[in-house]
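Single-letter residue listing:
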Amino acid sequence: MIPEFDHPTFHLAVAQFDQAADAMNLHHDLRERLKIPQRALTVSLPIRMDDDTVKVFMGYRVQHDSARGPSKGGIRYHPNVNLGEVAALAMWMTWKTALAGVPFGGAKGGVTVAPNTLSHKELERLTRRYAAEIFPLLGPDKDIPATDIGTNQQVMAWIMDTYSQQVGYAVPGAVTGKPLSIGGSLGREEATGRGVFDVTLEALRHLGIPLEKTTVAVQGFGNVGSHTARIMGEAGARVIAVSDLSGGLHNPQGLNIQEILRLRQSGEPLLDMKLGDQITNEELLTLECTVLIPAAVSEQITIKNAADLRCRILTEAANGPTTLEADAILADHGIFTIPDILANSGGVIVSYFEWVQDIQRFFWKESDIQQRLHKIICSAFHRTLAFATEKKIPMRTAALMSGIDQVAQAHTVRGLYP
Ligand code: NAD
């Protein structure tokens with residue numbers, strides 16, 4: 001292990017890769033190449049705080065692979081961000097884009113910061129300095145950032161503006177997940193949640209479970225978790241629990257998601273809302289439900305709690321929520337897992353649509369975006385399911401093998417430079 005990347009999440013990504021590479025007999029040379037990111041940049045970000053002191057933050061951008069096209073991946077603002085975690089997330093992006101069949105490689109970025117502790121102005125200065133420091137890597141034909149934990153449309157707008165200022169003209173295709181007024185796409189904000197819904201519905205159909213009899217628990221009520229819960233509820237499922245970092249709400253009769261969203265809009269903390277019983281994040285994961293959806297951070301389902309899960313389907317909206325040991329336990333317990341690189345690929349699929357629209361300067365209707373997303377993600381789901389069934393392998397291994405195979409083919413045909 002290269003010491004710079006030594007981190008539990010990177011170990012998880014590499015262990016998953018090794019498992020799939022073994023199953024597909026991946027050639028040693030490709031294996032060596034694909035285990036290590038292509039490029040990794042560490043930057044320090046001195047920021048003038050509102051009290052006039054200067055504070056230095058650390059930032060990262062990792063491009064795992066760009067054999068199939070420009071690298072693509074979100075930017076995370078979180079206190080636990082480090083180079084190893086970003087490298088793991090970048091590797092998962094490579095397999096995810098390849099599995100979905102969108103012409104991108106994988107990247108990820110991050111800044112070690114708790115964004116809610118900064119003022120709006122401090123956040124803007126931090127974002128602009130970060131974008132300026134990683135500028136040499138960026139560009140619509142090189143590497144295209146998007147949102148992830150702790151970043152939003154406003155952060156993407158600042159990155160787009162900083163990039164555009166450097167080159168001297170507006171470049172909407174430099175980032176995705178940005179506001180509509182500067183070339184954002186209809187349907188991008190809810191895209192990951194909508195994709196999570198689409199694949200979960202296909203899994204329910206596969207298992208013969210009607211949506212009206214489906215109960216859902218969602219860990220993490222940010223961009224992905226809140227849209228997932230809303231769309232699930234609108235379609236007729238009963239969302240019985242949601243949570244954020246502070247804990248969760250549980251109501252076996254079903255939570256009123258619209259009301260939670262309305263109260264959150266007015267600034268009310270989730271735990272203060274009198275809409276259900278308070279539970280911890282740990283308790284949420286072991287609730288009896290049809291579908292459990294982790295939509296927060298990695299390594300939530302581990303050897304400690306995997307045997308206690310009481311769901312029928314695990315839809316991994318978050319990246320890397322399940323450890324390797326937990327995976328084996330879930331398989332023994334017959335839990336149908338939709339792996340992260342498939343389950344949350346709606347985000348990068350609609351990011352691809354946004355990039356295409358920006359480059360063509362031609363924008364699509366929301367219904368077109370939803371239909372095309374549905375077609376691509378459901379096709380990836382059924383391809384993965386058919387492959388897993390045929391080879392008698394877990395869904396995760398099948399998804400990883402398909403993604404890795406696409407990337408391996410690109411490397412093989414391009415050859416090794418020089
Ligand atoms: P977000 O910042 O909008 O929301 C994160 C949510 O998780 C918040 O509700 C936060 O309170 C909660 N949370 C944070 N730490 C937690 C913890 N330790 N325990 C429980 N809850 C915790 O982020 P997001 O964009 O919704 O991303 C969520 C997950 O989905 C991440 O794993 C991300 O990598 C993945 N993802 C996001 C996108 C996207 O388009 N935004 C796409 C694909 C995958």
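Computed from a predicted model, the values in this text were never measured in an experiment.

1. Points about helix α14 (residues 395-414)
Here comes step 1: Relative to the 28 Å expected for 20 residues at 1.5 Å per residue, α14 spans 29 Å between its end C-alpha atoms, a close match to the ideal helical length.
Here comes step 2: After α14 finishes, the residue Gly 415 shows a positive phi value of roughly 85 degrees.

2. A few points about a nonpolar patch on the surface
Here comes step 1: A contiguous nonpolar surface patch, about 250 Å² in accessible area, is contributed by Val 54, Val 56 and Met 58.
Here comes step 2: Mapped onto the secondary structure, Val 56 falls in strand β2 (residues 54-65).

3. Remarks on the packing of helix α6 (residues 191-207) against helix α12 (residues 346-360)
Here comes step 1: Put simply, α6 and α12 touch, their axes get as near as 7 Å, and they point 125 degrees apart. Classified by the angle between their axes, α6 and α12 sit oblique to one another. In this structure, the crossing between α6 and α12 has a hand that is right-handed. Of the residues in α12, those touching α6 at Ala 191, Thr 192 and Gly 195 are Gly 346, Gly 347 and Val 350.

4. Topic: the side chain of Thr 215
Here comes step 1: As for its placement among the helices and strands, Thr 215 is situated in strand β6 (residues 215-219).
Here comes step 2: Not counting residues up to four positions away in its chain, the partners in contact with Thr 215 are Arg 238, Ile 240, Glu 288, Cys 289, Thr 290 and Val 291.

5. Some points on the domain arrangement of the protein chain
Here comes step 1: Here the domain parsing of the protein chain yields domain 1 (3-13 + 36-176) and domain 2 (191-343).
Here comes step 2: A straight line from the C-alpha centre of domain 1 to that of domain 2 covers 27 Å.
Here comes step 3: In this complex, domain 1 contributes twelve residues to the contact, which on the side of domain 2 involves twelve residues.
Here comes step 4: For the pairing of domain 1 and domain 2, the buried interface totals around 950 Å² over both sides, and the portion due to carbon and sulfur atoms is 62%.
Here comes step 5: Sorting the residues of domain 1 by area buried against domain 2 places Leu 12, Trp 92 and Lys 96 first, and these three jointly supply 47% of that buried surface.
Here comes step 6: Across the domain 1-domain 2 interface, the total number found is two residue pairs in polar contact (both at pLDDT 80 or more).
Here comes step 7: Elements represented by at least two residues in the side of domain 1 that touches domain 2 include exactly α1 (8-23) and α3 (83-100).

6. Side note on unusual backbone geometry
Here comes step 1: Residues Tyr 417 and Pro 418 are joined by a peptide bond in cis, for which omega reads 5 degrees.
Here comes step 2: Along the chain, the position of Pro 418 falls in the segment after α14.
Here comes step 3: Non-glycine residue Asn 25 carries a positive phi angle of around 50 degrees.
Here comes step 4: Relative to the elements of secondary structure, Asn 25 occurs in the loop between α1 and α2 (28-35).
Here comes step 5: You will see that Asp 52, though not glycine, has its phi angle at about 80 degrees, which is positive.
Here comes step 6: Mapped onto the secondary structure, Asp 52 falls in the loop between β1 (39-48) and β2.

Conventions we followed
Residues numbered from 1 in each chain as written. Predicted model: local features only at pLDDT ≥ 70, side-chain atom pairs only at ≥ 80, totals over all residues. Heavy atoms only, no water. Helix = DSSP H or I, 4+ residues; strand = E, 2+ residues; numbered from the N terminus. Expected span 1.5 Å × (residues − 1). Patch = residues over 30% accessible without salt bridge, like charges linked within 9 Å, V, L, I, M, F, W, Y side chains within 5 Å. Areas by Shrake-Rupley, 256 points an atom, 1.4 Å probe, with all protein chains shown as cover. Salt bridge = Lys/Arg side-chain N within 4 Å of Asp/Glu carboxyl O. Axes fitted to C-alpha atoms, helices over the stretch in contact; angles between N-to-C directions. Parallel < 35°, antiparallel > 145°, perpendicular 65-115°, else oblique. Left-handed = near helix turned anticlockwise from the far one by under 90°. Contact = heavy atoms within 4.5 Å. Domains from an automatic or database assignment. Buried area = accessible area lost by both parts, 1.4 Å probe. Polar contact = N/O pair within 3.5 Å; in protein donor to acceptor, adjacent residues only side chain to side chain.

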